[in-house]
Amino acid sequence: MHGVLIDSDWGFLLDAPEAASSPHFDDSGWRRLDLPHDWSIELDRRSDAPSGGRGGFFLDGVGWYRKHLDLPTDWRGRHVEIEFEGVYRDAEVWCNGHYLLRHPYGYTTFHVDLSRSLRPGQKNVLAVRVDNSTHQHTRWYSGSGIYRHVRLLVGGPVHIGHWGTWAATPEVSANAAVVRLSTPIRNETDADVRATVGWQVLGPDGEETAAGTASVTVPAEGCVQAAASLAVAAPRLWSPETPSLYRIRTELRLGDAVADRSEDTFGIRSFRFTPAEGFVLNGRRLSLRGGCVHHDCGPLGAASFDRAEERKVELLKAAGYNAVRCAHNPPSRAFLAACDRLGMLVVDEAFDVWRAPKLPYDYHRHFDDWWRRDLDSMLLRDRNRPSIILWSIGNELVERALPEGAEIARKLAARVREIDPTRPVTAGICNVWDGQGEWRDTDALLDALDVCGYNYRLDVYESDHERRPSRVVVATESFPPLAFEYWQAVEKFDFLAGDFVWTALDYLGEAGIGRTYLEGEQEGHLPGYPWNQANCGDIDLCGFKRPQSHYRDVLWGVAKGPWIGVHPPHSDGRKVLVSPWGWHDLQPSWTWPGLEGRELQVDIYAGGDEVELFLNSRSLGRRPSGVAVRFIASFAVAYEPGELRVVEYAAGRPVAESALTTAGTAERIGLQADRECLRAGPNDLAYITVEVLDAARRRVPTEDRMVYFTLRGPGRIAAVANADPRNTEPYRGNCHRVWRGRGLVIVQPTGAPGVIVLQAQADGVVGTEVRLRVEVGTRD
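Everything quoted here is computed from the prediction, not taken from an experiment.

Rules of the game
- For every chain, the first residue of the written sequence is number 1, and numbering continues from 1 onward in sequence order.
- This being a predicted model, a pLDDT of at least 70 is required before a residue's local features are given, and a value of 80 or more before pairs of side-chain atoms are given or counted; all residues contribute to the totals for chains, interfaces and linings.
- Hydrogens are left out, water is left out, and the side-chain values use all remaining heavy atoms of the structure.
- When DSSP locates at least two bridges between a pair of strands, those strands are taken to pair.
- Only DSSP runs of H or I covering at least 4 residues are called helices, and only runs of E covering at least 2 are called strands; the numbering of each starts at the N terminus.
- To define a nonpolar core, start from buried Ala, Val, Leu, Ile, Met, Phe, Trp, Tyr and Cys residues and group those joined through side-chain atoms within 4.5 Å.
- Here's how the labels work: a residue is buried when its accessible area is under 20% of the maximum for its type, exposed when over 50%, partly exposed in between, all with a 1.4 Å probe on protein chains only.
- Pairs of residues are marked as contacts when any of their non-hydrogen atoms sit within 4.5 Å.
- One speaks of a salt bridge when a side-chain nitrogen belonging to Lys or Arg is within 4 Å of a carboxyl oxygen belonging to Asp or Glu.
- Any N or O atom pair separated by 3.5 Å or less is treated as a polar contact, with the protein-specific requirement of one donor-capable and one acceptor-capable atom, and with residues adjacent in sequence counted only for side-chain atom pairs.

S.K.: Looking at this model, I keep getting lost on the sheet that holds strand 20 (residues 278-281). Mind explaining?
M.R.: Sheet strands pair via backbone hydrogen bonds, and the direction of the pair is either parallel or antiparallel. Spatial strand order, 19-20-21: 3 strands in an open sheet with antiparallel pairing. In this open sheet, the two strands that pair with only one neighbour each are strand 19 (271-274) and strand 21 (284-285). Examined bridge by bridge, strand 19 and strand 20 share 4 bridges and lie antiparallel to one another. Bridge pairing links F273 to F279 in strand 20.

Quick look at the structure:
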């Protein structure tokens, strides 16, 4: 079927009357907006917000959306569906006053037939009610609204089914690959139909590499699978290093007439998990350098713009990751498409809860009625993705040590294998708490899996392997402070496929889970308002690398040189504590005015044998680095302004160096855009780093001044932010404070080509501007 995005020009209102479902309802006073949309990120954060620290103290509620459609008369007799990629949550949909469906789960894609409700050639009205008012429903920031894309799909009475052609690659070698194709053909008429299905496989260069046909009889009001197996010679294999993509074009013919067409993307690769090898991709063992990622897009909230999703994958690749776990729900199409295109392995996860609740209003209320439909949605939508190597059926399930949990796991795993037998099944399983059993009581559930996901169970790797030697394990979650120990285990144990830290990207909600704090301050899991960011990501909410990301560079052997971080001093001498998901708040700064002569702890992350530290060209001595000291060399240095430089040595020879220089007083604002050319339309974005600079254009890390922005041209300011996890300023507006001298502005084109000019001003310093070209159908 032909798909058309209908993201533009929706009406929106919070707390609209129930009569808003009627096509005759007057919505002329409603706000007009484009999707994707998250209303929670637009609202003030409050200390008394019912979402609490789990939800980042954001507000939610009930929102209504309405869309007016003028459809051509030639749509009469056509099959028309609407697809919502993601609505959080409890969505109800009407078309021209006809109630169509309710979809409770906020993370799965759903679609419904509009054919009998639409009036081609006339005005049509879609109405969507989104109920996110039952507050205790999520353990992290969910967002609220129609936060992913909406499409209309149009085809004839006989058409290719909603999810298109599935291309599996059961046999792969360097010389040839078998591509097994399966295409659902649906017949909405009252008579049997004879149809011919043709497939054309196009290689990464666009040339045809294989083709085939099949004839099928489709019964009245029925569906059949048209199938074929095609041979592709000398396939270009997909991998994180060479993410080669193929396309499959499908054509449906009724006699000589073309009734429908579709095009799907897939990749050719082979992989396996074994206890003797861990993970093997295309015949080569590969350790999974993984991180967990929630669905939000930082300052944009849950709103899933294509460029925001792509940037997340770019950040992960740049930080050395080769794998990501989508926690704890299916991600957007755009995120997975970026993983396919850029080369990022994926664990696609369905649920955070099953039948037993973690919170009063979470998914457990719907699990029995909806698990099959929601699981099917994930599998059918995503199974063409070459990036996906594992299907995860759940995370830290309450019933994991109970017979009921094992029974559910077997049921879900069986369904996964029925729909896609080409990928293994996993789940993230943690220790047992609340007196519900012991770790060994999870064996029955783990036995239902193909790959066993261990959350925070570093302590049992060796003993579990001794008693269950056939078990393949992956660390589906790990504590950041134990990064060294977790990665050493990956390198030591063949049965351990990799490690996924919690988390790779910072996220909204679970506020303060990764904090540092002083002895005597509030302890416990979440510290309370004004925290709104988790503060546990290797990469912060704005996309800047945090200290643990630099450490992981060294750990994984991808660092370009040593990294210097300074522990901020505390005047009262209290001990600094770090939460299990935190990291010491090191700052890559040698600018500490007023602390002249005070001793500061300097940590250096380096993979060489030793490092030498220099202050203003004076050697402060050498310290060992490398594995023996966990890649960390520490110095006590009396602060004096100037240059702090480190030289890394291997086998006695200098191999790399880096330096920190004291910044001067603030002189100007600096703006740096991630790209200079954008596509016209709301799905592209520019991420612009804002910095307060000194005369030498060095960032001034002591700065927190307010910066004011103005924009002219075909765009708008979509978000403003800094990475302070206790930031109380809104993420919407035209001004924001920098934090440690740095912030972020996200600019969104509004549809027309032209030039966007963003200006930044702040009191007492020189302002600046950046120009962005907006062109139709292009992008750097």
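S.K.: I'm lost on the nonpolar core in this one. Help?
M.R.: Nonpolar side chains in soluble globular proteins tend to end up buried together. F273, F279, L288, F351, W354 and Y461 are the most contacted members of the largest nonpolar core, which totals 103 residues. Filtering out sequence-adjacent residues up to four positions away, Y461 remains in contact with Y454, V473, A475, Y486, A489, F493, F495 and L496. Of all hydrophobic cores here, the second largest spans 29 residues; its members include W10, V93, F110 and V130.

S.K.: How do you make sense of unusual backbone geometry when you look at a structure like this?
M.R.: Leaving glycine out, the prevailing phi sign among residues is negative, and the prevailing peptide bond configuration is trans. Across the junction of Y88 and R89, the peptide omega takes the value -15 degrees, indicating a cis bond. Along the chain, R89 falls in the loop between strand 5 (79-84) and strand 6 (91-95). A positive phi angle, near 55 degrees, is found at D15, a position not held by glycine. With respect to the helices and strands, the residue D15 is situated in the loop between strand 2 (10-14) and strand 3 (31-33). Even without being glycine, Y456 reaches a positive phi, approximately 60 degrees.

S.K.: Can you walk me through the pattern of salt bridges in this structure?
M.R.: Side chains that differ in charge, positive against negative, can pair when their charged atoms come close. Evaluation of the coordinates by the stated rule reveals 64 salt bridges. Among the salt bridges present, the one from R66 reaches D27, with a minimum N-O distance of 2.7 Å. With R66 in strand 4 (residues 61-70) and D27 in the loop between strand 2 and strand 3, this residue pair connects regions lying 39 residues apart in the sequence. For R66, a relative accessible area of 0% translates into the label buried. Classification of D27 by relative accessible area gives buried; the value is 8%. Between D538 and R552 there is a salt bridge whose closest N-O contact spans 2.5 Å. On the criterion of sequence distance, the pair formed by D538 in the loop between strand 30 (516-518) and helix 8 (547-556) and R552 in helix 8 is long-range, its members being 14 residues apart. For the pair D538 and R552, one class covers both residues: buried. Overlapping salt bridges bring together R307, E310, E314, R341, D674, R675 and D684 as one network.

S.K.: I'm lost on the side chain of H295 in this one. Help?
M.R.: Note on placement: H295 falls in the loop between strand 22 (288-293) and helix 1 (306-318). Residue H295 is classed as buried on the basis of its relative accessible area of 6%. A distance of 3.0 Å separates a polar atom in the side chain of H295 from the backbone oxygen of S142.

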